[in-house]
There are 2 protein chains.
Amino acid sequence: MNQQTKIRHALTVTREGDFAQWYQEVIAEAEMAEESGVRGCMVIKPWGYGIWERIQKLMDARIKAAGVDNCYFPLFIPLSYFAKEAEHVEGFAKEMAVVTHHRLIGDGKGGLVPDPEARLEEPLIVRPTSETVIGAAMARWVQSWRDLPLLTNQWANVVRWEMRTRMFLRTSEFLWQEGHTAHADRDDAMAETLRALEMYRAFAEDELAMPVIAGEKPENERFPGAVATYSIEAMMQDGKALQAGTSHYLGTGFAEAAGIQYQNREGQQALCHTTSWGVSTRLIGGVIMTHGDDDGLRVPPAIAPHQIVILPMLRDTDEDEALLAYCEDLRRALAGQQTLGEPVRVLLDKRPGKATQKRWAWVKKGVPLILEIGGRDAAGGQVSVLRRDRLWREDGKPDFAGQARDDFLARAAAELEDIQLSLHAEAKARRDANIHRGIGTLAELAAFFDDKACYPGWVELGWSRPTGAALEEVVKQLKALKLTIRNTPMDAAKPTGTCPFTGEPAVETIYVARAY
Amino acid sequence: MNQQTKIRHALTVTREGDFAQWYQEVIAEAEMAEESGVRGCMVIKPWGYGIWERIQKLMDARIKAAGVDNCYFPLFIPLSYFAKEAEHVEGFAKEMAVVTHHRLIGDGKGGLVPDPEARLEEPLIVRPTSETVIGAAMARWVQSWRDLPLLTNQWANVVRWEMRTRMFLRTSEFLWQEGHTAHADRDDAMAETLRALEMYRAFAEDELAMPVIAGEKPENERFPGAVATYSIEAMMQDGKALQAGTSHYLGTGFAEAAGIQYQNREGQQALCHTTSWGVSTRLIGGVIMTHGDDDGLRVPPAIAPHQIVILPMLRDTDEDEALLAYCEDLRRALAGQQTLGEPVRVLLDKRPGKATQKRWAWVKKGVPLILEIGGRDAAGGQVSVLRRDRLWREDGKPDFAGQARDDFLARAAAELEDIQLSLHAEAKARRDANIHRGIGTLAELAAFFDDKACYPGWVELGWSRPTGAALEEVVKQLKALKLTIRNTPMDAAKPTGTCPFTGEPAVETIYVARAY
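All of the points below concern the structure found in this document.

Some remarks on the overall build of chain A
Argument step 1. Each helix and strand in chain A was counted, giving 13 helices and 27 strands.
Argument step 2. Scaling as 2.2 N^0.38, a compact globule of 516 residues should have a C-alpha radius of gyration of about 24 Å, and chain A matches this with 26 Å.
Argument step 3. Overall size of chain A, expressed as C-alpha extent along the three principal axes, is 80 × 65 × 60 Å.
Argument step 4. Taken over 516 residues, chain A has a buried fraction of 58%.
Argument step 5. Separation between the mean location of the 61 positive side-chain charges and that of the 73 negative ones in chain A comes to 3 Å.

Next comes the structure, spelled out in structure tokens:
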């Protein structure tokens, strides 16, 4: 007998039924974000923003620990800053928000128009990234080898006019951090590029419980102007890849364009080697598609705004007072504990409303542990505990476990740590099971992705690292199959055999996948 | 003999010599911010941004403790959202950044232009404040009395096209938090308005060590559309007032415009009462002009990115190793202590450079405690301590105090707490000494500010609370004297006597001052 059929899931759409629709439903039902009425821009609601605040806090600690200083640079970039870039790009056309006026006036017909008298001499661009404006600052700040390395980071909003948007994954405005560093030589800059990459890998695995493959992007996927681009790539539950963070070694090209040079120890002028690296609110999309299930989101405890929610089963009777006192005592005891290196984040939810409705609201939000406490529990010193990552019993009922209060208190911190590890292990097992090997030709590759339209996963291939026209030909073939090369993992052993695209001996390993 | 003449201050301009120029020099020499090359926008450098991060962290904790949820709303607001506002304002003209295009293309002559094909159907405004877009969200989120109060806050950048800018005080782009709340009735909304005001007052006094007067702004200084506007006002060292934070009770007007209504317990539809409140990077300007001296900034320990800096007197000899070990041990011992409710923030500055140069750099940045450690100190278990708030000895030398290491460690936390209180006491004594009373007529007021052009301070007056045309007349008279009414303090006793502007009996107290 299929026990699954008994379960009545909290969402109306399943992952298997319609993954894209399921993704939207999780975001709506977990109250993470919504459309704003402004094209391509979202409103990030408290639960979504709370997760972003956790991501910011933990990532910022890693950034600061590496000696990087936070700064803030202007939202607007003069149009002329982009002219240099445009010179090198044929048919340059960039989707960017362009500010042309600095005043609104009435049009005399009850409406408003940009004041023709207030046209800017030079239009301003809303930053799509701050490379140019930070480069100009670095040119002012760096004089001598003593000023190097110069390590800066910015937390900011940026705008890229996107035609097709999807919440968290691709929005016209998004929030991110962008690290920008300048170094005396290639080795130091490359070390910083790889430090940032490793920081992102560890962050994704340890805090987001999201297994990723850190590696170098192929030439055709490099950030324009970069000498080398690295990424972390995560597998979503539909088998597609999500690029979740990038780190670029920019060589001396950007330093030359911006004039970032220094006097070296020998008294000579030299160009800096620069890097940049960033992650964004896109990570939240990655968390949803890694950990969400048919009952909503599951938030890893490290980034959960609340790790534990206590729900008193209030009945509007005199007994409520004792129940609330019991719950408050429990809340205080939990808040005094430490888990994952920080105080436990626990909420006593006393808001009006039916306890069952509130339970399902927290289930959909993905709070790691939900405690329901009734009058009998309070009287008997018990708690009823639901682990969000193991929601259902075999009989299709929520898997509440009755426990003595003191027993629960003794293991609450460890339970949260276990959930953090379990979510990671579950995602890693799924990812590893869906990386396919042994494909030797383009035809086999095409057949593989044809066959398993529903859950294709990734394919690991040997790669001869073609460049130029040869690479372009490969990219064209992949594009026809709606496939992309994700990256060359950092730690892979040298492959044997031949590259299925060129027939030449493979020199490294790549992952090929459909991607967001 | 005037001992002062012996002191060689770290800045070239004194407060008394040229306050505006002194302000710019503090910002430059403390490396807090600089012009960005983008009109009216500044680059906030690590020391300035570090102070902002401290302000954010401490204010955010207060905001969260009040049950307010952080959200994020779009940077862009459709032009039509401002149309309603414009209907009520004759000769509406607003200085705002207007986005009219979403693409740049080459102009065929090597330059770039906004693509005429990519003109937006409706221009977008870069948010000058998020009132309208948050109001629209609240209208979606509030259905029933159970949803109230709705307490939201946003940390964001906003843009107001300013013609005359001054770093931190008035910039085209600035960083702030804006709280927006919706309530069932007037009482609840007014309580929230005053809670935010009190939060700002306590924050300014306790964390910024900046004494402020919390009170209600006169009718003519209200936020457009507000029923009541409250502010905290601080006195700068040139005697001018700085409005350092505002809190508005908006009545039902904004709810009506945005459609924020709810079903009350009786089942009827009712309009919400809303509030908004904000502080910005302007606070940093207030800190500079409250605590800075002729040697640069003095940062209150609560908001200092580093509270203690340890400077080893390195000599490029073999002894450096023992010296650094001693300093690192000291750093670790300090970092393990608590002050002002948090771990002590201590930096061991091992960068290359002369110790004296580094000392003066930290003096100008205003680090509360500077420790210089030489080889002899290390050998003898000593430290040499400089309190930034009491920099000079009578003989014109920096007032370093030699102390046994263990003695210093035993009182370091208390010393920082003492500096926090001393800075507040010093500023409060100066403020209180420069509030003038006993002025009974407009002529006396004019004479007072004429007389003391250099350090006018504030004048406390009885006020008959005129409205309409009578108030306009007063404002006109004050404007001719370059004066403004700051606010009516919350806790003042009812005054006796008459209002110097109207001759009518005074019903409340006001402060009149020059202002930023």
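A word on the packing of helix 2 (residues 46-65) of chain A against helix 5 (residues 186-206) of chain A
Residues and elements named next belong to chain A.
Argument step 1. Their axes nearest at 11 Å, the elements helix 2 and helix 5 cross at an angle of 145 degrees. As helix 2 runs across helix 5, the sense of the crossing is right-handed. Contact with helix 2, carried on its side by Ile55, Leu58, Met59, Arg62 and Ile63, involves Met199, Tyr200, Ala202, Phe203 and Asp206 of helix 5 and no other residues of that element.
Argument step 2. By residue class, the composition of the contact of helix 2 with helix 5 is 8 nonpolar, no polar and 2 charged.

Concerning the relation of the copies chain A and chain B
Argument step 1. Expressed as a screw transformation, the operator carrying chain A onto chain B has a rotation angle of 180 degrees and an axial translation of 0.0 Å, and the superposed copies differ by an RMSD of 0.0 Å. Here the two chains are linked by the operation of a two-fold rotation axis. Ranked by how close their C-alpha atoms come to the rotation axis, the residues of chain A are headed by Val99 of chain A, at 2.1 Å.
Argument step 2. A share of 100% of the interface residues of chain A reappears at the interface of chain B, consistent with the copies meeting face to face through the same patch.

Examining the pairing of strand 16 (residues 308-312) of chain A
Residues and elements named next belong to chain A.
Argument step 1. Burial analysis of strand 16 places 5 of its 5 residues in the buried class, the great majority of the element.
Argument step 2. Of the two faces of strand 16, both are covered, the one formed by Ile308, Ile310 and Pro312 as well as the one formed by Val309 and Leu311.
Argument step 3. The pairing of strand 16 with strand 19 (residues 346-348) spans 3 bridges and is parallel. Bridging from a neighbouring strand, Ile308 pairs with Val346 of strand 19.

Describing the nonpolar core
Argument step 1. In this structure, Met32, Phe168 and Ile288 of chain B are the most contacted members of the largest nonpolar core, which totals 73 residues.
Argument step 2. Contact partners of Met32 of chain B, with chain neighbours within four places excluded, come to Ile27, Val43, Ile44, Lys45, Trp47, Gly48, Ile51, Phe168, Ile284, Ile288 and Leu297 of chain B.

Here we look at the interface of chain A and chain B
Argument step 1. Between chain A and chain B, the residue contacts involve 62 residues of the former and 62 residues of the latter.
Argument step 2. The junction of chain A with chain B conceals about 5400 Å² of combined surface from both sides, 66% of it contributed by carbon and sulfur atoms.
Argument step 3. Summed over the three residues of chain A that lose the most area to chain B, namely Tyr72, Leu104 and Leu112 of chain A, the buried surface amounts to 13% of that side.
Argument step 4. Ionic pairing is found between Glu34 of chain B and Arg140 of chain A, a salt bridge with its closest N-O pair at 2.6 Å.
Argument step 5. Counting across the chain A and chain B interface gives 32 residue pairs in polar contact (both at pLDDT 80 or more).
Argument step 6. Of all the elements, strand 5 (residues 93-106) of chain A adds the most residues to the side of chain A that touches chain B, at 14 residues.
Argument step 7. Broken down by class, the residue content of the side of chain A that touches chain B amounts to 40 nonpolar, 8 polar and 14 charged.

Quick notes on the environment of Ile288 of chain A
Residues and elements named next belong to chain A.
Argument step 1. Tracing the sequence through the fold places Ile288 in helix 7 (residues 282-291).
Argument step 2. The exposure class assigned to Ile288 is buried, which follows from its relative accessible area of 0%.
Argument step 3. The contact partners of Ile288, leaving out residues within four places of it in the chain, are Trp22, Tyr23, Val26, Ile27, Met32, Phe168, Gln237 and Leu297.

Re the sheet that holds strand 8 (residues 150-159) of chain B
Residue and element names in this part refer to chain B.
Argument step 1. With respect to topology, 8 strands assemble into an open sheet ordered 3-8-9-15-12-11-10-26, the strand pairing being mixed. What marks the edges here is a single partner per strand, and that holds for strand 3 (69-70) and strand 26 (488-489).
Argument step 2. Both strand 11 (residues 228-235) and strand 12 (residues 241-249) contribute to a ladder of 8 bridges, which runs antiparallel. From the neighbouring strand, Glu233 faces strand 12, where its bridge partner is Gln243.
Argument step 3. The strands touched by helix 7 (residues 282-291) within the sheet are strand 11, strand 12 and strand 15 (273-280), with strand 12 carrying the most contacts at an inclination of about 145 degrees.

Digging into the sheet that holds strand 10 (residues 212-216) of chain A
All names here are of chain A.
Argument step 1. Reading across the sheet, the 8 strands line up as 3-8-9-15-12-11-10-26 and stay open at both edges, with mixed pairing between neighbours. Sheet topology places strand 3 (69-70) and strand 26 (488-489) at the edges, where each strand pairs with a single neighbour.
Argument step 2. In this sheet, strand 15 (residues 273-280) lies alongside strand 12 (residues 241-249) in antiparallel orientation, the contact comprising 4 bridges. Looking at strand 15, one finds that Ser247 is bridged to Trp277.

Some points on the pattern of salt bridges
Residue and element names in this part refer to chain B.
Argument step 1. Tallying each qualifying case throughout the model produces 84 salt bridges over all chains.
Argument step 2. Residue Asp187 pairs with Arg186 through a salt bridge whose shortest N-O separation is 3.8 Å.
Argument step 3. One salt bridge in this structure joins Arg390 and Asp418, with 3.8 Å as the shortest N-O distance. Within this pair, whereas Arg390 is found in the loop between strand 21 (382-387) and strand 22 (401-404), its partner Asp418 is found in helix 11 (residues 405-433), the two being separated by 28 residues in sequence.

Observations regarding the pairing of strand 12 of chain A
Argument step 1. Burial of strand 12 of chain A is extensive: 8 of the 9 residues sit out of reach of the surface.
Argument step 2. Hairpin remark: strand 11 (residues 228-235) of chain A followed by strand 12 of chain A, antiparallel, with 5 residues in the connecting loop; positive phi at Gly239 of chain A, about 85 degrees.

Describing helix 11 of chain B
Argument step 1. Over its 29 residues, helix 11 of chain B extends 39 Å from the first C-alpha to the last, a length consistent with the 42 Å expected when each residue adds 1.5 Å.
Argument step 2. Along helix 11 of chain B, the sharpest kink reaches roughly 50 degrees, centred on Ala412 of chain B.

Points about the packing of aromatic side chains
Residue and element names in this part refer to chain A.
Argument step 1. Taken as a whole, this structure holds 24 aromatic pairs over all chains when the rule is applied.
Argument step 2. Each ring, one from Trp52 and one from Trp155, has its centre 5.9 Å from the other, and the planes form 75 degrees; the classification is edge-to-face. Here the residue Trp52 occupies a position in helix 2, and Trp155 occupies one in strand 8 (residues 150-159), the gap between them amounting to 103 residues.
Argument step 3. A residue is classified by how much of its surface remains accessible, and Trp52, at 1% relative accessible area, is buried.
Argument step 4. Residue classification places Trp155 among the buried positions, given a relative accessible area of 11%.
Argument step 5. The ring of Tyr516 has Lys240 sitting right over it, with the charged end atom 4.8 Å from the ring centre.
Argument step 6. A cation sits over an aromatic face here: Lys365 above Trp362, 5.5 Å from the ring centre.

Definitions and limits used
- Each residue is numbered by its place in its chain's sequence as written, counting from 1.
- Lettering of chains starts at A and numbering of ligands starts at 1, both following the order in which they are written.
- Only residues with pLDDT of at least 70 are given local features in this predicted model, and only at 80 or more are side-chain atom pairs given and counted; all residues enter the totals for whole chains, interfaces and linings.
- To get the side-chain values, take all heavy atoms of the structure and skip hydrogens and water.
- Here a helix means four or more residues in a row that DSSP labels H or I, a strand means two or more in a row labelled E, and each is numbered from the N terminus.
- What the globule rule says is 2.2 Å times the number of residues to the power 0.38, and the radius of gyration is computed from C-alpha atoms.
- Burial classes: relative accessible area under 20% of the type maximum marks a residue as buried, over 50% as exposed, and values in between as partly exposed (1.4 Å probe, protein chains only).
- Counting rule applied: Lys, Arg positive; Asp, Glu negative; His and chain ends not counted.
- One atom stands in for each charge, and that atom is NZ of Lys, CZ of Arg, CG of Asp or CD of Glu.
- Lines fitted to the C-alpha atoms define the axes, with helices restricted to the stretch that makes contact. Angles between their N-to-C directions range from 0 to 180 degrees.
- It is the rotation of the near helix from the far one that decides the hand of a crossing: anticlockwise by less than a right angle makes it left-handed, clockwise makes it right-handed.
- Residues are treated as being in contact if the distance between any of their heavy atoms lies within 4.5 Å.
- Here the nonpolar group is Ala, Val, Leu, Ile, Met, Phe, Trp, Tyr, Cys and Pro; Asp, Glu, Lys and Arg are the charged ones; every other residue, Gly included, is treated as polar.
- Fitting of the copies onto one another was done by least squares over C-alpha atoms, counting residues only where both copies have pLDDT of at least 70.
- One requirement defines pairing of two strands: DSSP has to find at least two bridges between them.
- Nine residue types can take part in a nonpolar core, namely buried Ala, Val, Leu, Ile, Met, Phe, Trp, Tyr and Cys, and a core is a set of them joined through side-chain atoms within 4.5 Å.
- Two parts lose some accessible area (1.4 Å probe) when they are put together, and adding that loss for both gives the buried area.
- Whenever a carboxyl oxygen of Asp or Glu lies within 4 Å of a side-chain nitrogen of Lys or Arg, that contact is scored as a salt bridge.
- Nitrogen and oxygen atoms within 3.5 Å of one another constitute a polar contact, given that in protein one can donate a hydrogen and the other can accept it, and given that sequence-neighbouring residues count only through two side-chain atoms.
- Between the first and last residue of a helix there are one fewer steps than residues, each counted as 1.5 Å, and that sum is the expected span.
- One axis fitted to the seven residues ending at a residue, another fitted to the seven starting there: the angle between these axes is the bend at that residue.
- Stacked, tilted and edge-to-face are the three classes assigned to paired rings of Phe, Tyr and Trp, where Trp is represented by its six-membered ring and a pair needs centres within 6.5 Å; plane angles under 30 degrees give stacked, over 60 edge-to-face, the rest tilted.
- To sit over a ring, a charge needs its Lys NZ or Arg CZ within 6 Å of the ring centre and within 35 degrees of the ring normal.

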